[in-house]
Amino acid sequence: MTATLKIVGLGGSLARVSRSRAALRLALEGAASAGAETTLLDLRELDLPMYDPDHEEPTVAAELLIESCYGADGMLWSSPMYQGTISGAFKNALDWLHLLGGREPPFLHDKVIGLISAAGGTQGLQAINTMEFATRALRAWDVPYVVPVSTAARVFDEDGAVHDASVKLQLETLGGEVVRVAQRFAADGSLHRATECEEAAERVAAAA
Ligand SMILES: Cc1cc2nc3c(=O)[nH]c(=O)nc-3n(C[C@H](O)[C@H](O)[C@H](O)COP(=O)(O)O)c2cc1C
């Protein structure tokens, strides 16, 4: 690996005490241990406005979100489980990424994403599956290994300290896994080319 990979963590709830944020921090630590430069985009701190297609001019916070995500080699997403799926705040952050549709390459093209959820109960995989739909829409690749944290209030205390060694290992492993796969993408010089989509469009036009 020549350049240090950038891994951006996106998530947490808007709550002061957030287990999805604590889980995200651990996964980022795993990515850092694997040699990546890491950044946390904490949704509580970002305080994003609601994405409105009629008023798309990004605020400073939205700009930070959009540019950080676009500049990342890989990401870790961590949503709380709300009503059987991802939180509205997390989905709103993803909606802001719609502004990346006009870039070359567009959206989160060829970025590697690791998925985490924190749930009160045991159905955290539902939030993970919802996030997986979004990775596809945003042209990213999610790693097959995922970490749905069940009964999250027992796993993380109010200070964010983890009390389950196996969940800690799972989260750190996920961070390392995102770095491992992102390295593969980064090593392929033919990816991330500005002309890539243009060439694809030409091929489609020629086939029509
Ligand atoms: C609005 C709301 C909806 C929730 N819905 C669910 C749910 O459907 N299933 C579940 O297991 N836990 C549910 N919970 C519990 C949260 O998933 C749990 O408290 C989790 O730790 C929240 O993430 P956070 O700690 O990052 O804030 C809900 C909590 C809230 C506040």
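Conventions adopted
Residues numbered from 1 in each chain as written. Predicted model: local features only at pLDDT ≥ 70, side-chain atom pairs only at ≥ 80, totals over all residues. Helix = DSSP H or I, 4+ residues; strand = E, 2+ residues; numbered from the N terminus. Rg over C-alpha atoms; globule rule 2.2 N^0.38 Å. Buried ≥ 20, exposed ≤ 12 C-beta atoms within 10 Å, placed from the backbone. Contact = placed C-beta atoms within 7 Å. Axes fitted to C-alpha atoms, helices over the stretch in contact; angles between N-to-C directions. Parallel < 35°, antiparallel > 145°, perpendicular 65-115°, else oblique. Left-handed = near helix turned anticlockwise from the far one by under 90°. Nonpolar A, V, L, I, M, F, W, Y, C, P; charged D, E, K, R; others polar. Core = buried A, V, L, I, M, F, W, Y, C linked by C-beta atoms within 7 Å. Near = placed C-beta within 6 Å.

**Q** Where do I start with the overall build of the protein chain in this structure?
**A** A tally of regular secondary structure across the protein chain gives 8 helices and 7 strands. Against the 2.2 N^0.38 benchmark of 17 Å for 208 residues, the protein chain shows a C-alpha radius of gyration of 17 Å, consistent with a compact globule. When burial is assessed residue by residue, the protein chain has 43% of its 208 residues classed as buried. Long-range contacts, defined as pairs at least 24 residues apart, comprise 80% of the intrachain contacts of the protein chain with a sequence gap of at least 6.

**Q** Would you take a moment to explain the packing of helix H1 (residues 19-33) against helix H7 (residues 165-187) for this structure?
**A** Between two packed helices, the angle of one axis relative to the other and the distance separating the axes together describe the packing. H7 packs onto H1 with a crossing angle of 50° between their chain directions and a minimal axis gap of 7 Å. One finds that H1 runs oblique with respect to H7. Handedness of the crossing formed by H1 with H7: right-handed. Where H1 approaches H7, its residues Ala-23, Leu-26, Ala-27, Leu-28, Glu-29, Gly-30, Ala-31 and Ser-33 are matched on the opposing element by Lys-168, Leu-171, Glu-172, Thr-173, Leu-174, Gly-175, Gly-176, Val-178 and Val-179. Considered class by class, the residues forming the contact of H1 with H7 number 9 nonpolar, 5 polar and 3 charged.

**Q** Quick question: what am I supposed to make of the nonpolar core here?
**A** In a soluble, globular protein the nonpolar side chains are often hidden away together inside. Ranked by internal contacts, the top residues of the largest apolar core, which has 59 residues, are Ile-7, Ala-27, Leu-76 and Ile-116. For this core, the leading source of residues is H7, giving 8 residues. Leave out the neighbours within four places in its chain, and Ala-27 touches Gly-9, Leu-76, Gly-114, Ile-116, Leu-171, Glu-172, Leu-174 and Gly-175.

**Q** Even after reading the chapter, I still don't get the site of the ligand, so can you show me in this structure?
**A** The environment of the ligand is formed by 18 residues, the closest being Ser-13, Ser-20, Pro-80, Gly-120 and Gly-121. When residues of the shell around the ligand are traced back to their parent elements, those giving at least two are H1 and strand S3 (74-82). For the shell around the ligand, the residue count by class is 7 nonpolar, 9 polar and 2 charged.

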